[in-house]
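Residue-level listing of the chains:
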Amino acid sequence: MIRLCGSADFASILAIINDGATAYRGVIPADRLKDPYMSAEELQHEIASGVHFFGDEEGGALQGVMGVQRVQDVTLIRHAYVLTAAQGKGIGGRLLEHIRPLAQGPLLLGTWIDSYWAIGFYQRHGFRVVTHAEKEVLLRKYWQIPERQVETSIVFADSTWPGLPGV
């Protein structure tokens, strides 16, 4: 069952993000990986910044989460993770299909350029990689991330993305 997460789900959301992020070990640049991957303070900041999490609940426990954030004229997918033990069961796809109709404006997402599994997942679900020039503009316009993360990320757009004029 997909549902909107509330404050009672905070610990589960944090645990899912940090468990799912273990896949990044040895893949993303070492200077971008920390333990835990996301602290409780960072998650609280994301929620306070307007990220709303949806979760896939099975057997009374969340198995995966996907955040959405409305920023200016787009909707961002933020922090999409599935518990390691629950991966490969369609949870990410269900979350994505639940979120798509909720988007206001184009749906964009960013991920690490070396996270091949995430790249394949989003491509299988109809997202396309934006151009390098668009990525540079989009990550600075819609996200608040460090410059090093801009360098090591890739951005995807859904089919409603018109592209940036002149880029």
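Notes on the structure follow. What you are looking at is a predicted structure, and each value in this text was computed from that prediction instead of being measured.

## Describing the pattern of salt bridges
Next, step 1: If you walk through the whole model with that rule in mind, you get 13 salt bridges.
Next, step 2: Put simply, Arg100 and Glu97 hold a salt bridge, and the shortest N to O gap is 3.3 Å.
Next, step 3: With relative accessibility at 42%, the residue Glu97 sits in the partly exposed group.
Next, step 4: One salt bridge in this structure joins Arg148 and Glu151, with 3.4 Å as the shortest N-O distance. Placement of the pair is Arg148 and Glu151 together in helix H6 (residues 147-151), with a separation of 3 residues, close to one helical turn.
Next, step 5: With relative accessibility at 30%, the residue Arg148 sits in the partly exposed group.

## A closer look at the pairing of strand S7 (residues 153-157)
Next, step 1: Among the 5 residues that make up S7, 5 are buried, leaving the element largely enclosed by the rest of the structure.
Next, step 2: Here S7 shows a buried face lined by Ser153, Val155 and Ala157 and a second buried face lined by Ile154 and Phe156.
Next, step 3: Here strand S5 (residues 107-112) runs beside S7; their pairing, made up of 5 bridges, is antiparallel. For Leu109, the partnering residue across the bridge sits in S7 and is Phe156.
Next, step 4: Inspection of the sheet shows strand S6 (residues 128-129) paired to S7 by 2 bridges, in the antiparallel sense. In the strand pairing of S7, Val129 is matched with Phe156.

The rules behind the values
- Every chain is numbered on its own, with residues counted from 1 as its sequence reads.
- Where totals are concerned, whole chains, interfaces and linings use all residues; where local detail is concerned, this predicted model gives features only for residues with pLDDT of at least 70, and gives and counts side-chain atom pairs only at 80 or more.
- Water and hydrogen atoms were dropped before computing side-chain values, which therefore reflect all heavy atoms in the structure.
- Throughout this description, the term salt bridge denotes a Lys or Arg side-chain nitrogen within 4 Å of a carboxyl oxygen of Asp or Glu.
- For the exposure calls, accessible area comes from a 1.4 Å probe over protein chains only, and a residue counts as buried if that area is under 20% of its type's maximum, exposed if over 50%, partly exposed in between.
- Per the convention used, a helix needs a DSSP run of H or I reaching at least four residues, while a strand needs a run of E reaching at least two, with both numbered from the N terminus.
- Two strands are said to pair when DSSP picks up at least two bridges between them.

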